[in-house]
Amino acid sequence: MGQTSKELRISEQGQITNRFNAAITNLGSQSMDVRLGGIYALQRIMQDSSRDHPTVVAVLSAYVRQHARLPASGTRKAQTALPADVQAVMNVLANRLPNRDRGTMIDLSGTDLRGLQSMGGSFLSARGLNINFREANFEEADLSGAELVDADLREAWMLGAQLPAANLLQANLREATLDTANLTGATFCLGVITGSRVKHDCADLTGASLNSANLTDVDLEGAKLADASMTSANLTGAVLVGADLKGADLTGANLTGADFTGARLKGAKLKGAKRDGARGLPPSLR
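Computed from a prediction, not measured in an experiment: that's the story for all the values here.

A.B. asks: Even after reading the chapter, I still don't get the overall build of the protein chain, so can you show me in this structure?
C.D. replies: A tally of helices and strands in the protein chain yields four helices and four strands. In the protein chain, which comprises 286 residues, the proportion classed as buried is 44%. A fraction of 41% describes how many contacts in the protein chain between residues 6 or more apart in sequence connect residues 24 or more apart. In the structure as shown, the protein chain presents an accessible area of about 13,200 Å², 48% of it carried by carbon and sulfur atoms.

A.B. asks: Hey, could you run me through the state of the cysteines in this one?
C.D. replies: In a disulfide, the sulfur atoms of two cysteines are covalently bonded to one another. Taken as a whole and assessed by the stated rule, the structure comprises one disulfide. Between the sulfur of cysteine 189 and that of cysteine 202 lies a disulfide, 2.3 Å long from S to S. Across the S-S bond linking cysteine 189 and cysteine 202, the dihedral sits near 125°, which makes this disulfide right-handed. Of this pair, cysteine 189 sits in strand 3 (residues 189-194) while cysteine 202 sits in strand 4 (residues 197-202); the two residues are 13 residues apart in sequence, bridging distant segments of the chain. Of the two residues, cysteine 189 and cysteine 202, both sit in the buried class.

A.B. asks: What should I look at first to understand the nonpolar core in this one?
C.D. replies: As a rule of thumb, soluble globular proteins bury nonpolar side chains together. Membership of the largest hydrophobic core comes to 84 residues, with the highest contact counts inside it found for Leu173 and Phe188. Sorting the residues of this core by element identifies helix 1 (2-27), helix 2 (32-48), helix 3 (53-67) and helix 4 (84-94) as the ones contributing at least two each. For this core, the element with the most residues is helix 4, which contributes seven residues. If we skip the residues at most four places from it in the chain, leucine 173 touches Leu153, Met158, Leu168, Leu178, Phe188, Ala203, Asp204, Leu205 and Ala208.

A.B. asks: How do you make sense of the environment of leucine 173 when you look at a structure like this?
C.D. replies: Relative to the helices and strands, leucine 173 is located in the loop between strand 2 (131-132) and strand 3. Relative accessible area serves as the criterion here: at 1%, leucine 173 is assigned to the buried category. Along the sequence, leucine 173 and threonine 206 sit 33 residues apart, while their C-alpha atoms lie 7.2 Å from each other.

A.B. asks: Explain helix 2 to me, please; I cannot follow it from the model alone.
C.D. replies: For an α-helix, 3.6 residues make a turn, and residues three or four places apart therefore share a direction. A rise of 1.5 Å per residue sets the reference length of helix 2, with its 17 residues, at 24 Å; its end C-alpha atoms lie 24 Å apart and thus fit the reference within 8%. All buried positions along helix 2 are accounted for by Arg35, Leu36, Gly38, Ile39, Leu42, Ile45 and Met46. The N-capping residue of helix 2, defined by a side-chain oxygen 3.3 Å from the backbone nitrogen of aspartate 33, is serine 31.

A.B. asks: Hey, could you run me through the side chain of aspartate 179 in this one?
C.D. replies: With respect to the helices and strands, aspartate 179 occurs in the loop between strand 2 and strand 3. With a relative accessible area of 16%, aspartate 179 lands in the buried category. In this view, aspartate 179 contacts Met158, Leu159, Gly160, Ser209, Leu210 and Asn211; residues no more than four positions away in its chain are not counted.

A.B. asks: Any chance you could explain the packing of aromatic side chains here in plain terms?
C.D. replies: Geometry of an aromatic ring pair is reported as the spacing of the ring centres plus the angle between the planes. All chains considered together, the criterion is met by one aromatic pair. Geometrically, the ring pair formed by phenylalanine 133 and phenylalanine 138 is edge-to-face, given 4.9 Å between the ring centres and 85° between the ring planes. Judged by relative accessible area, which is 1%, phenylalanine 138 ranks as buried.

A.B. asks: Even after reading the chapter, I still don't get unusual backbone geometry, so can you show me in this structure?
C.D. replies: Residues other than glycine predominantly adopt negative phi, and peptide bonds predominantly adopt the trans conformation. At glutamate 140, a position not held by glycine, the phi torsion is positive, near 60°. Inspection of the secondary structure puts glutamate 140 in the loop between strand 2 and strand 3. One non-glycine residue, serine 212, lies in the positive phi region at around 60°. If you trace the backbone, serine 212 turns up in the segment after strand 4.

A.B. asks: Would you explain the pattern of salt bridges in this entry?
C.D. replies: For side chains bearing opposite charge, pairing can occur when the charged atoms are close. Per the stated rule, a full pass over the model turns up ten salt bridges. Note that aspartate 112 and arginine 114 form a salt bridge whose closest N and O atoms lie 2.5 Å from each other. Aspartate 259 is the salt-bridge partner of arginine 279, the closest N and O atoms lying 3.8 Å from each other. Taken together, the residues arginine 279 in the segment after strand 4 and aspartate 259 in the segment after strand 4 connect sequence positions 20 residues apart. Here arginine 279 falls in the partly exposed class, since its relative accessible area comes to 46%. Counted as one network, the salt bridges with shared partners bring together Arg19, Arg44 and Asp48.

A.B. asks: Looking at this structure, I do not really get the environment of aspartate 259. What am I missing?
C.D. replies: The class of aspartate 259 is buried, set by a relative accessible area of 13%. In sequence terms aspartate 259 and arginine 279 are 20 residues apart; their C-alpha atoms lie 4.7 Å from each other. For aspartate 259, the contacting residues outside a window of four places in its chain are Ala238, Val239, Leu240, Val241 and Arg279.

A.B. asks: Help me understand the side chain of serine 61 in this model?
C.D. replies: Topologically, serine 61 is positioned in helix 3. In this structure, serine 61 is in contact with Leu93, Met105, Ile106, Asp107 and Leu108, ignoring residues within four places of it in sequence.

Conventions used here
Residues numbered from 1 in each chain as written. Predicted model: local features only at pLDDT ≥ 70, side-chain atom pairs only at ≥ 80, totals over all residues. Heavy atoms only, no water. Helix = DSSP H or I, 4+ residues; strand = E, 2+ residues; numbered from the N terminus. Buried < 20%, exposed > 50% of the residue type's maximum accessible area, 1.4 Å probe, protein only. Contact = heavy atoms within 4.5 Å. Areas by Shrake-Rupley, 256 points an atom, 1.4 Å probe, with all protein chains shown as cover. Disulfide = S-S within 2.5 Å. Core = buried A, V, L, I, M, F, W, Y, C linked by side-chain atoms within 4.5 Å. Expected span 1.5 Å × (residues − 1). Polar contact = N/O pair within 3.5 Å; in protein donor to acceptor, adjacent residues only side chain to side chain. Phe/Tyr/Trp six-rings, centres within 6.5 Å; stacked < 30°, edge-to-face > 60°. Salt bridge = Lys/Arg side-chain N within 4 Å of Asp/Glu carboxyl O.

Here's what the structure looks like:
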């Protein structure tokens, strides 16, 4: 029985190897249909074999970097939709089982993901998983409800992106462009009680551009927003208690009902901002 079990395992691994090789061959096809078949074959291998899951994640990440490279010209013009094969890979990665990654980096830095459609899943489900979107282009992308905990989004271009209910806890958004983005219901911060104190684990938005972004009722307590540009942003009812807003530009922003209690506002610009019912602003900024 032991020998039979061993032979079965060897046979299964051989079958997976054959399936993997066939799927990789299909990825190189000139036919979109064949490439899609290869992508979904790799998804099935991920589901069937936890041992091969990290390898498939690495292969699919490399596929996106190869087939959705940012143009050399650095163009930022919108596109209607992603190519079907790249969208399919993103769907597969979004709906994988992250606990099988075993430290594998999902490296999608410098990729052109303009027009990405809702993936119906999440990239992350817990902290400590590796995902790199640095300098990626998410213009007009739909990331509604996406789990992007701890994600590296430095200098990402997210103009007009849809991020309602997205989880951006501890994400690195330094110098990211989120102008006109919809961030209603997004999670940026979490209060952690340590002894008698509350520590806030927050996304880093230092130097980020949030001009005309929708941040209605968003909780940014303790957030890092130093030197952020938030001109004409909608911060109605936002919680900015203890936030670092040093040098932030809030010119023309809607701050109705926002709470700035304990926020650091040295050098912040609020010219033309609507401040009806805003709390916690120092006398010089009321």
